[in-house]
Amino acid sequence: MTRSDGYLLDNRQTEAGQRFDAFAALFDPTTFRHIERFGIGSGWRCWEVGAGGTSVVSWLAKKVGPTGRVVATDIDTSWAASAARPPVEVRVHDVGAEEPPGDGFDLVHARLVLVHVPDRERALRSMVKALRPGGRLLVEDADPALQPLLCPDEHGPEQQLANRLRSGFRKLLAERGADLAYGRKLPRLLREAGLRGVEADAYFPVTSPACAALESATIRQIRDQLVNAGRASDQDIDRHLANVASGSMDLATAPMISAWGRKR
């Protein structure tokens, strides 16, 4: 992910790696399915925006082969550094503030990135600018306002606590400038950016081990912020983490909306 100075989920924290692993388990199949449909193959030039971890970058590298190119960018590239070998180039880059790291890309992809970028409009323009004519843009972002609950089946005190903490998390994100309804806007924004053939779909995990792993890592990462903001006590958080570890709750994520189009 790309972050601003106010980004809540700092990639430099230990839990970030656990979050990247959970995102890969949850969302890689959806991401890869879309990119496969674009016809990715040897020699493609790809820009992975806000790369965070290595799962997508490594998959792209295998697809494009030695004649291709994968530029992986993020403000903090520490988690992606292990992938920095041909055809992968890892760069420190702020998509919302800097010019794109090249042009003529066949594919530009960002997943769970733009919702956190303060200047989302500039970031999207930069991504479109970097495409070659006929190149594909795939933007995937969450829409927490579309489904705000951690436990859609709120049938007991454990689920009620989980949803209260999720509400606190959403408020912290909003205070840091995240657009919690951004995902649903993507099809319109891609059309307004001049892309053609725009389509979109959504993936909504309702329960899985990866959902639980993501929730545990996220709550540990934002624990201090929740407590300092008065949205939870340490006892609340300890109880919730124990509930998550018990495996007795059905934990969901916000829907991830994928939107794609082709540059004219």
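Residues numbered from 1 in each chain as written. Predicted model: local features only at pLDDT ≥ 70, side-chain atom pairs only at ≥ 80, totals over all residues. Heavy atoms only, no water.

## What to know about unusual backbone geometry
Look at the link from Pro86 to Pro87: it is a cis peptide, with omega at 10°. Mapping Pro87 onto the fold places it in the loop between β2 (69-74) and β3 (88-92). (Helix = DSSP H or I, 4+ residues; strand = E, 2+ residues; numbered from the N terminus.)

## A closer look at the sheet that holds strand β5 (residues 131-142)
Read across the sheet, seven strands follow the order β3-β2-β1-β4-β5-β7-β6 without closing on themselves; strand pairing throughout is mixed. In this open sheet, the two edge strands, each paired with only one partner strand, are β3 and β6 (196-203). Taken pair by pair, the neighbouring strands of this sheet meet at an average axis angle of 15°, ignoring direction. Note: strand β1 (residues 45-49) against β2, five bridges, orientation parallel. Paired with Cys46 across the two strands is Val70, which belongs to β2. Sheet strands touched by helix α1 (residues 15-37): β4 (105-111), β5, β6 and β7 (256-262). Its angle to β4, the strand with the most contacts, is close to 155°. (Pairing = 2+ DSSP bridges. Axes fitted to C-alpha atoms, helices over the stretch in contact; angles between N-to-C directions. Contact = heavy atoms within 4.5 Å.)

## Quick look at the side chain of Asp74
Mapped onto the fold, Asp74 is located in strand β2. Among the polar contacts listed, one links the side chain of Asp74 to the backbone nitrogen of Gly52, at a separation of 3.0 Å. (Polar contact = N/O pair within 3.5 Å; in protein donor to acceptor, adjacent residues only side chain to side chain.)

## Quick notes on α1
For α1, spanning 23 residues, the distance from its first C-alpha to its last is 33 Å, which sits close to the expected 33 Å at 1.5 Å a residue. Of all bends in α1, the biggest is about 55°, found at Phe27, and the proline Pro29 comes one to four residues later. Note on α1: the residue one or two positions beyond its end, Gly39, has a positive phi of about 90°. (Expected span 1.5 Å × (residues − 1). Bend = angle between axes of the 7 residues up to and from the residue.)

## Let's talk about the confidence of the model for the protein chain
Within the protein chain, residue pLDDT values average 94, and 95% of them lie at 70 or more. Here residues 1-6 scores under 50 on pLDDT; set against residues more than four positions off or in separate chains, the count is 26 contacts. (pLDDT = per-residue confidence, 0-100.)

## Topic: the nonpolar core
Ranked by internal contacts, the top residues of the largest apolar core, which has 25 residues, are Trp47, Val108, Leu114, Met127 and Leu137. Taken together, the elements giving at least two residues each to this core come down to β1, β4, α3 (120-129), β5 and α5 (186-192). If one sorts the elements of this core by residue count, α3 sits on top with four residues. Ignoring any residue separated from it by four or fewer positions in sequence, one finds Leu137 in contact with Val108, Leu124, Met127, Val128, Leu131, Leu190, Leu195, Ala259, Trp260 and Gly261. With 20 residues, the next largest nonpolar core counts Trp44, Val56, Trp59 and Trp260 among its residues. (Core = buried A, V, L, I, M, F, W, Y, C linked by side-chain atoms within 4.5 Å. Buried < 20%, exposed > 50% of the residue type's maximum accessible area, 1.4 Å probe, protein only.)

## Observations concerning the packing of aromatic side chains
On inspection of all chains with the given rule, the structure shows five aromatic pairs. Between Phe23 and Phe27, the ring centres sit 6.2 Å apart and the planes meet at 25°, which makes this aromatic pair stacked. Here Phe27 and Phe23 lie together in helix α1, a separation of four residues that amounts to about one turn. For Phe27, a relative accessible area of 3% puts it in the buried group. Here the aromatic rings of Phe27 and Tyr203 are separated by 6.1 Å at their centres, their planes lie at 90°, and the arrangement is edge-to-face. Here Tyr203 lies in strand β6 and Phe27 lies in helix α1, a separation of 176 residues in the sequence. (Phe/Tyr/Trp six-rings, centres within 6.5 Å; stacked < 30°, edge-to-face > 60°.)

## A word on the pattern of salt bridges
Throughout the structure, instances matching the rule amount to 17 salt bridges. Residues Asp201 and Arg33 are paired through a salt bridge, measuring 3.5 Å at the closest nitrogen-oxygen approach. Of the two residues, Asp201 is situated in strand β6 and Arg33 in helix α1; the sequence distance between them amounts to 168 residues. The class for Asp201 is partly exposed, based on a relative accessible area of 24%. Relative accessible area serves as the criterion here: at 41%, Arg33 is assigned to the partly exposed category. Among the ionic pairs, Asp236 bridges to Arg164, the shortest N-O distance being 3.3 Å. With Asp236 in helix α7 (residues 234-246) and Arg164 in helix α4 (residues 157-175), the pair connects residues that are 72 residues apart, well separated along the chain. Residue classification places Asp236 among the buried residues on the basis of a relative accessible area of 12%. Look at the salt bridges and you will find they share partners, linking Arg45, Asp106 and Arg132 into a network. (Salt bridge = Lys/Arg side-chain N within 4 Å of Asp/Glu carboxyl O.)

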